[in-house]
Amino acid sequence: MFVYEEAEIWFVAGSQHLYGPESLEQIKKNIQLVSEYFNKEANLPVRIVLKPLATKPDEIYRLCQEVNYSQNCVGLITWLHTFSPAKMWINGLTQLQKPLLQLHTQFNELVPWDSMDMDFMNLNQTAHGGREFGFIGSRMRLAHSIVTGYWKDKEVHEKIAKWMRVCVAIHEEKTMKVVRFGDNMREVAVTEGNKVSAQIKFGYSVNTHAVGDLVSVINSINNSDIAQLIEEYETLYQISPVAQVNGPKRQNLIEAAKIELGIKTFLEQGNYSAFTTTFEDLYGLAQLPGLAVQRLMEKGYGFAAEGDWKTAALLRTMKVMAKDLSGGTAFMEDYTYDFTKGNELVIGSHMLEVCPSITDDEVKPLLDIQPLGIGNKADPARLIFASKPGYAINASLIDIGNRFRLITNALQTIKQPYPLPNLPVACTVWKPLPSLDISAEAWILAGGAHHSVYTQALSMDYFRLYAQLHNIELLVIDENTEMCNFRNELRWNEIAYGNTNA
Ligand code: MN
């Protein structure tokens, strides 16, 4: 399901023939060493593939075409080792349809003060070659990414790694399929949106299936597979007494396992990586899928409730970016406030569907079966746990009419201060930055949804890169947010982004 294993980032040095063949030979050796170092020592999530030097317009044009055609190439890194006149790059960059990163580095870390001569100066010209390349990027409105620093520097590797993760996620979006079981919740506004615009902008397709199509797959699941899955539950979770063998709600657990296997089979058969459900359309289902959804999110599927396909797709994209990073990523909803003066808190949760990736690994989640008034179905199974404390971000993607807007809020998640014995759901408790009043005012003013993607794994850098590469509006609410500036930003963005969307 994840494409990291096959993904490649292509790496090319830009130069020209002005300095003679010896210089070009030396550049080849240098970039070979840098490339090997990146693959062996830099802990990058995607393999670097070295390409021949780019020294002429036709070579550059061909390279950019090959980047586009390659199934596995998810982005291109350029290094202007020498001056490489940038008109040579125009025709290639005009074609390029994948993310571009300019690595602004030089082979030598320090100036060799005693020995430096003109030959050395000709060979190691990133400082001005990179600026010539930067001009054409700016002139062509490429908004490419730039990483500056010595190539063995850990901070340089970290910046490249983040960009690579965003490249993989964006690459995957182009073939992502989102399936909706049922429509949006009736009368809800923010979960609506233009699916055609979303596909033009992001690449993913969003289509619906009758919940009956899902029910027929669920009904085809055999008993031995269900029994095996329940054994897995018993290993991984604390099972509440009502759900244990001979417990009064054991049958509900069996139904939940059947639903999980059914949804998983449906997603695999249709090659779907994200999905939505809605409690208003459960015809033929024994219960609202809770446990199933939680476990499928943990496996990397995107999900959102009440037909919210934008959040489902965003969750999948963030799951791809965050693969193997520490900290989880989950579907989330602002639930309720605690207005204790000076210690204002938000409790985030959902009816059932919070991803267990955000919990503390030391405590086994409780698998419980409790009544749920909404949906009018049998009592659903769900995992109950508290999330890990630490830095997190909430993100919401909305359709603002003529474009998409991504709204983010930095959060400080805290240890749940008191138990919630009568609220049988997973939840997380946070202090939004800069404060609850400013955070909520800004989020509401921007039109941010009650649904969000909550991530402990991704810093704001990822959201900035993602918005930049898609050229979508990004609003950041964090420790630096002031309302007067935020209001102005919204006003100015109407002009800056007004007509960018399909
Ligand atoms: Mn909801």
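Below is a short write-up of the structure.

Procedures and definitions
- Residues numbered from 1 in each chain as written.
- Predicted model: local features only at pLDDT ≥ 70, side-chain atom pairs only at ≥ 80, totals over all residues.
- Heavy atoms only, no water.
- Pairing = 2+ DSSP bridges.
- Helix = DSSP H or I, 4+ residues; strand = E, 2+ residues; numbered from the N terminus.
- Axes fitted to C-alpha atoms, helices over the stretch in contact; angles between N-to-C directions.
- 1 Å grid on protein atoms, 1.4 Å probe; cavity = no way out; pocket = protein on both sides within 12 Å on 5 of 7 lines; lining within 4 Å.
- Points joined across faces, edges and corners; volume = space filled by probe spheres on them.
- Nonpolar A, V, L, I, M, F, W, Y, C, P; charged D, E, K, R; others polar.
- Salt bridge = Lys/Arg side-chain N within 4 Å of Asp/Glu carboxyl O.
- Buried < 20%, exposed > 50% of the residue type's maximum accessible area, 1.4 Å probe, protein only.

Another aspect to go through is the sheet that holds strand S5 (residues 145–148). Strands belonging to one sheet form pairs held by backbone hydrogen bonds; the direction of such a pair is parallel or antiparallel. Read from one edge to the other, the open sheet built from five strands follows the order S2-S1-S3-S4-S5, with strand pairing classed as parallel. The outermost strands of the open sheet, each flanked by one partner alone, are strand S2 (47–50) and S5. Pairs of neighbouring strands in the sheet enclose a mean axial angle of 30°, with direction left out of account.

This brings us to the layout of surface pockets. Of the voids in this model, the largest pocket is the one considered here, and its volume is about 600 Å³. Mapped onto the lining of the largest pocket, the elements with two or more residues apiece are helix H3 (87–95), helix H6 (154–173) and helix H14 (460–470). Ranked by residues supplied to the lining of the largest pocket, first place goes to H14 with four residues. For the lining of the largest pocket, a count of residues per class yields 14 nonpolar, seven polar and four charged.

Turning our eyes to something else, we now look at the pattern of salt bridges. Within the structure shown, the criterion is met by 20 salt bridges. Note that Glu234 is salt-bridged to Arg250, the shortest N-O span being 3.2 Å. Remark: Arg250 occurs in helix H10 (residues 250–270) and Glu234 occurs in helix H9 (residues 223–236); sequence separation between them is 16 residues. On the accessibility criterion, Glu234 (36% relative accessible area) is partly exposed. The partner of Arg405 in a salt bridge is Glu494, and the shortest N-O contact between them spans 3.7 Å. Separated by 89 residues along the polypeptide, Arg405 in strand S16 (residues 404–414) and Glu494 in helix H15 (residues 483–496) bring together distant segments of the chain. A relative accessible area of 4% means that Arg405 is categorised as buried. Judged by its relative accessible area of 42%, Glu494 falls in the partly exposed class.

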